[in-house]
Amino acid sequence: MRYTLLGNSGLRVSELALGTMTFGPDWGWGADEPTSRKMFERFAEAGGNFVDTADKYTAGSSERIVGDLVRADRDYFVLATKYSLATRENDPNTGGNHRKNLVQSLDASLRRLGTDYVDLLWVHAWDFLTGVDEVMRALDDQVRLGKVLYVGISDTPAWIVSRAQTVAELRGWTPFAGLQVEYSLVQRDVERELLPMARALGLGITAWSPLGGGLLTGKFNAGSAGVDTGGRLGAVDEDRLRIPRAVAAVAAELGVPSSHVALAWLRAQRDVVPIVGARTVDQLDENLGALDLALPEDALRRLDEVSAIRLGWPHDFLEAVPGVLFGEGVRERIDVPAGRRRV
């Protein structure tokens, strides 16, 4: 396992993060505590130090299990959790981004985790009710109190993240260090606005569902059209199978599982840390095996082509008119100084 800096921060995180939404059987499909411990130990033995959980996961069991697992060497691990999703029915203040929910959710998370601080606190999802100023000031207060070291944001439109980051920087509050998004070969919509924004503003990128909800593991490739995956992606159709079949073809050529190819493609994208989760030790071992794979340039090109999305307006328009913007042939003669930030 190698390590990378999280965005513009100095925080060193492993090149894979361990997702622990599967830790705990409370939702009927997660791993029990002994299995969760074995998966955590495998991840740590491979050199992983970045562990991702949330207050909502398995009704709090994930945080309790993770807290027990990191306790023996708490300071070694980069422990991330999230707040925002409702944790109690019929209580309007136990969900959302506002200060009250932040404070009570974080305090409850710290109790379950058995620690007095988390390394990274994510805003789990944007509620469109709480103002940006309130969120950023409330997060900064928790950093100043020492309960949180870094903050990040997940599942939020780019224009809101941009505004929040700008407000924090102008007012001397703690800016976001990371952005968490769904990203995989079957979900590249984030390349339109979110990823360019993150790179321009210095946010580290973590990718959840890097295997496309199981679609990129190879199990839906043959004779699966019309079959429901049972997950968020719903029914598998012929068009959707184009990408996993291309992944399977590359995997067959290289003699590796499809999951290795899908994760290797994601690891080849700049500044992206995949979050790998599993329900069994064997599944996690297979995911960790992707660390040994670097895809050949031809394989990367083929996968890029089969999964490419249209960026749409204004990107298509701006790419088509460089002569109008700069004058014919002028852009090609403009050198950008080394280190100059480019999107």
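Above this text is the structure in question.
These lines cover the structure that appears in this document, whether it is placed above or below. The shown structure was predicted, so the numbers you read here are calculated from the model rather than taken from an experiment. (Residues numbered from 1 in each chain as written. Predicted model: local features only at pLDDT ≥ 70, side-chain atom pairs only at ≥ 80, totals over all residues. Heavy atoms only, no water.)

### Structural notes on the nonpolar core
In this structure, Met136, Leu139, Phe176, Leu179, Tyr183 and Leu295 are the most contacted members of the largest nonpolar core, which totals 77 residues. Sequence-distant contacts of Phe176, defined by excluding residues within four places in its chain, comprise Val123, Met136, Leu139, Val151, Gly152, Ile153, Val161, Ala164, Gln165 and Leu203. (Core = buried A, V, L, I, M, F, W, Y, C linked by side-chain atoms within 4.5 Å. Buried < 20%, exposed > 50% of the residue type's maximum accessible area, 1.4 Å probe, protein only. Contact = heavy atoms within 4.5 Å.)

### Details of unusual backbone geometry
A cis amide bond links Trp313 with the next residue in sequence, Pro314, at an omega value of 5 degrees. The residue Pro314 is located in the loop between α10 (297–307) and α11 (315–320) in this model. Backbone geometry at Ser84 places phi at a positive 140 degrees, although glycine is not the residue there. Relative to the elements of secondary structure, Ser84 occurs in the loop between β5 (78–83) and α3 (99–113). The phi torsion at Asn90 lies on the positive side, around 65 degrees, for a residue other than glycine. In this structure, Asn90 sits in the loop between β5 and α3. (Helix = DSSP H or I, 4+ residues; strand = E, 2+ residues; numbered from the N terminus.)

### Quick look at the sheet that holds strand β6 (residues 118–123)
Strand order around the closed barrel formed by eight strands is β3-β4-β5-β6-β7-β8-β9-β10, with parallel pairing between neighbours. The average undirected angle you get between the axes of adjacent strands in this sheet is 30 degrees. As judged from the four bridges shared by strand β7 (residues 148–154) and strand β8 (residues 176–182), these two strands associate in the parallel manner. Each residue of the ladder has a partner; that of Val151, found in β8, is Phe176. (Pairing = 2+ DSSP bridges. Axes fitted to C-alpha atoms, helices over the stretch in contact; angles between N-to-C directions.)

### Brief notes about the pairing of strand β10 (residues 272–276)
Among the five residues of β10, five are classified as buried, and the element is accordingly described as predominantly covered. Pairing of strand β3 (residues 17–19) with β10, which is carried by two bridges, proceeds in the parallel orientation. The partner of Ala17 across the bridge, within β10, is Ile275.

### Here we look at a nonpolar patch on the surface
A cluster of nonpolar side chains, namely Trp313, Phe317, Leu318, Leu325, Phe326 and Ile334, defines an oily patch on the protein surface of about 670 Å² accessible area. Those elements giving two or more residues to the nonpolar patch turn out to be α11 and α12 (322–326). Here Phe326 shows up in helix α12. (Patch = residues over 30% accessible without salt bridge, like charges linked within 9 Å, V, L, I, M, F, W, Y side chains within 5 Å. Areas by Shrake-Rupley, 256 points an atom, 1.4 Å probe, with all protein chains shown as cover. Salt bridge = Lys/Arg side-chain N within 4 Å of Asp/Glu carboxyl O.)

### Focus on the packing of aromatic side chains
Enumeration over the complete set of coordinates arrives at four aromatic pairs. On the basis of an interplanar angle of 45 degrees and a centroid distance of 5.1 Å, the ring pair of Phe40 and Phe77 is categorised as tilted. Of this pair, Phe40 sits in helix α1 (residues 33–45) while Phe77 is found in the loop between α2 (61–70) and β5, placing the two residues 37 residues apart along the sequence. For Phe40, a relative accessible area of 7% gives the class buried. Centre to centre, the rings of Tyr76 and Phe77 are 4.9 Å apart; their planes meet at 90 degrees, and the pair counts as edge-to-face. Residue class for Tyr76 comes out partly exposed when judged on its relative accessible area of 36%. One residue, Arg74, lies across the ring of Tyr117, its end atom 4.1 Å from the ring centre. One residue, Arg331, lies across the ring of Phe326, its end atom 5.8 Å from the ring centre. (Phe/Tyr/Trp six-rings, centres within 6.5 Å; stacked < 30°, edge-to-face > 60°. Lys NZ or Arg CZ within 6 Å of the ring centre and 35° of its normal.)

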